[in-house]
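Residue-level structural notes
Listed below, chain by chain, are the residues.
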Amino acid sequence: MGRSLFRNMVSRAFGLTGPKAVFSAGRVMQRAALGLVHATSRKRRQVSKPSTPKVSKALPAQRNGSFRWKKVVLSQRTLSYKLFLPASQKGTFQPMPLLIMLHGCSQTPDDFAQGTAMNRLALEHGWMIAYPRQTRAANRKKCWNWFSPADQSRGAGEPALIAGMTLQILQENAGDPRRVYIAGLSAGGAAAAAVASAYPEIFAAVGVHSGLPIGAARGTLSALVAMNAGSSGSRQSTPMPTIVFHGDADDVVHPRNGRAIAARSVATFPDLLETEKHGRAIGGRSYVRTTHRAGNRKSYCEHWQIKGAGHAWSGGDAAGSFTDGAGPDASSEMIRFFRQHRNTAAPRPDPEP
């Protein structure tokens, strides 16, 4: 790769100009490894808040549920997570769906829950929501290591740890194994896609917000290229219903990545009908929603391209970091999409806990 091209990539990724852009390849790769979606451009600061998150002491949904720390230990590795459980109806039992939410770089479970407002939706629909926490020991910027070959496949690394956590939650809380979903933002979105692909017998659908396709990178340098120029990812053999959100002004993860995620998903389903809808959030941003359906039935893939949006959760709560309240409500739309899908390969839940 030419030195000039590499310098331009570094400048775009980290918002550097002039002499600051002339880094050695080793130092750039080190910085990328520490925080692959932690760009410092002025443009991103206008749509996100990388400073200390504003986290409510009590999320509104907690009045009718619990939001507590848990942990799972697998193969001598510990994963802590925050679990939201809606208050159960006295004298009744209904196996609950489970949604795994993977935060972006520098975020925390509390911050991500606040910004996405998923706990409020969980209370409304009777869902469990789990927010795993990435540690600084695993990544200095608390990014999920979606770009690491050791964390991209079944039976190893972060996918195995997240899958094990999911199964533990289902077992301990009598969840519905046919209705298990995973979603994430940025590095969390890329990781969610990888986990769902590695464990299709566990997950019924996946949501990727401002993320990258599976196989977009096999190391820090290729991750930098994929973030800045986009990547087509790798071919997927297992069908996985997928909903994608991406801002067309995202200067941290190129919007081409969102289109690639959708294209890879669609390729695994035969004979889908594509429709395109132009709309606008109430008082906010316009968007293009491309839907792929089996005839007039449920959609198996949706791609939402949000006009003028940067690297932030669409329709999110400003109290959380990396949110854009002007966009369509990504959280509500993900729940709507997930509710269409069940994993028929999973066992039916017991009628009683």
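For strand 6 (residues 205-209), the buried fraction is high: 5 of the 5 residues fall into the buried class. Side-chain alternation along strand 6 places Ala205, Gly207 and His209 on one buried face and Val206 and Val208 on a second face that is also buried. Running through helix 7 (residues 187-198), the crossover from strand 5 (residues 180-185) to the neighbouring parallel element strand 6 is right-handed. Note: strand 6 against strand 7 (residues 242-247), 4 bridges, orientation parallel. Directly across from Val206, in strand 7, lies its bridge partner Thr242. Handedness of the strand 6-helix 8 (residues 220-229)-strand 7 crossover: right-handed.

Quick look at the packing of aromatic side chains now. Enumeration according to the criterion identifies 11 aromatic pairs in this entry. With a centroid separation of 4.9 Å and 40° between ring planes, the pair formed by Phe269 and Tyr300 is classed as tilted. On the criterion of sequence distance, the pair formed by Phe269 in the loop between helix 9 (256-266) and strand 8 (273-280) and Tyr300 in strand 10 (residues 299-306) is long-range, its members being 31 residues apart. The burial state of Phe269 is the same as that of Tyr300; both residues are buried. Centroid distance Tyr287 to Trp304: 5.0 Å. Interplanar angle 35°. Geometry classified as tilted. Taken together, the positions of Tyr287 in strand 9 (residues 286-293) and Trp304 in strand 10 put the pair 17 residues apart, joining distant regions of the chain.

Where helix 8 is concerned, the buried positions are Thr220, Ala223, Leu224, Ala226, Met227 and Asn228. Backbone geometry just after helix 8 places Gly230 at a positive phi near 90°.

It is worth spelling out the confidence of the model for the protein chain at this point. For the protein chain, the average pLDDT comes to 85, and 79% of its residues sit at 70 or higher. Note that residues 1-35 has pLDDT below 50 and, in this model, 50 contacts with residues that lie over four places away or in other chains. Across residues 37-61 the pLDDT falls below 50, and counting only partners more than four positions away or on other chains, this stretch makes 57 contacts in the model.

Let us look at unusual backbone geometry. A positive phi is found at Ser75, a non-glycine position, where the angle reads about 50°. The class for Ser75 is exposed, based on a relative accessible area of 74%. The phi dihedral of Gln76 falls on the positive side, at around 65°, and the residue is not glycine. With respect to the helices and strands, Gln76 occurs in the loop between strand 1 (65-74) and strand 2 (77-86). On the basis of relative accessibility, which here comes to 81%, the residue Gln76 falls in the exposed class.

With that settled, the discussion passes to the sheet that holds strand 10. Across a sheet, strands are paired by hydrogen bonds formed along the backbone, either parallel or antiparallel in direction. One open sheet holds the 10 strands; their spatial order is 1-2-4-3-5-6-7-10-9-8, and the pairing between them is mixed. Since the sheet does not close on itself, it has two edges, and those belong to strand 1 and strand 8, each with one partner. Strand-to-strand, the axes of this sheet are offset by a mean angle of 15°, without reference to chain direction. By the bridge criterion, 5 bridges tie strand 3 (residues 98-102) to strand 5 in an arrangement that is parallel. Counterpart to Met101 in the pairing with strand 5 is Ala183.

As for its position among the elements, Asn257 is in helix 9. In this structure Asn257 touches Gly211, Leu212, Pro213, Ala226, Met227, Gly230, Ser231 and His246, once residues within four positions along its chain are discounted.

Under the definition given, this model contains 1 disulfide. Covalent S-S linkage joins Cys105 and Cys143, the inter-sulfur distance amounting to 2.0 Å. The S-S bond linking Cys105 to Cys143 shows a torsion near 125°; that makes this disulfide right-handed. Linking Cys105 in the loop between strand 3 and helix 4 (109-116) with Cys143 in the loop between strand 4 (128-132) and helix 6 (157-173), this pair joins segments that are 38 residues apart in sequence.

About the thresholds
Residues numbered from 1 in each chain as written. Predicted model: local features only at pLDDT ≥ 70, side-chain atom pairs only at ≥ 80, totals over all residues. Heavy atoms only, no water. Buried < 20%, exposed > 50% of the residue type's maximum accessible area, 1.4 Å probe, protein only. Helix = DSSP H or I, 4+ residues; strand = E, 2+ residues; numbered from the N terminus. Right-handed = clockwise from strand over helix to strand, strands pointing away. Pairing = 2+ DSSP bridges. Phe/Tyr/Trp six-rings, centres within 6.5 Å; stacked < 30°, edge-to-face > 60°. pLDDT = per-residue confidence, 0-100. Contact = heavy atoms within 4.5 Å. Axes fitted to C-alpha atoms, helices over the stretch in contact; angles between N-to-C directions. Disulfide = S-S within 2.5 Å.

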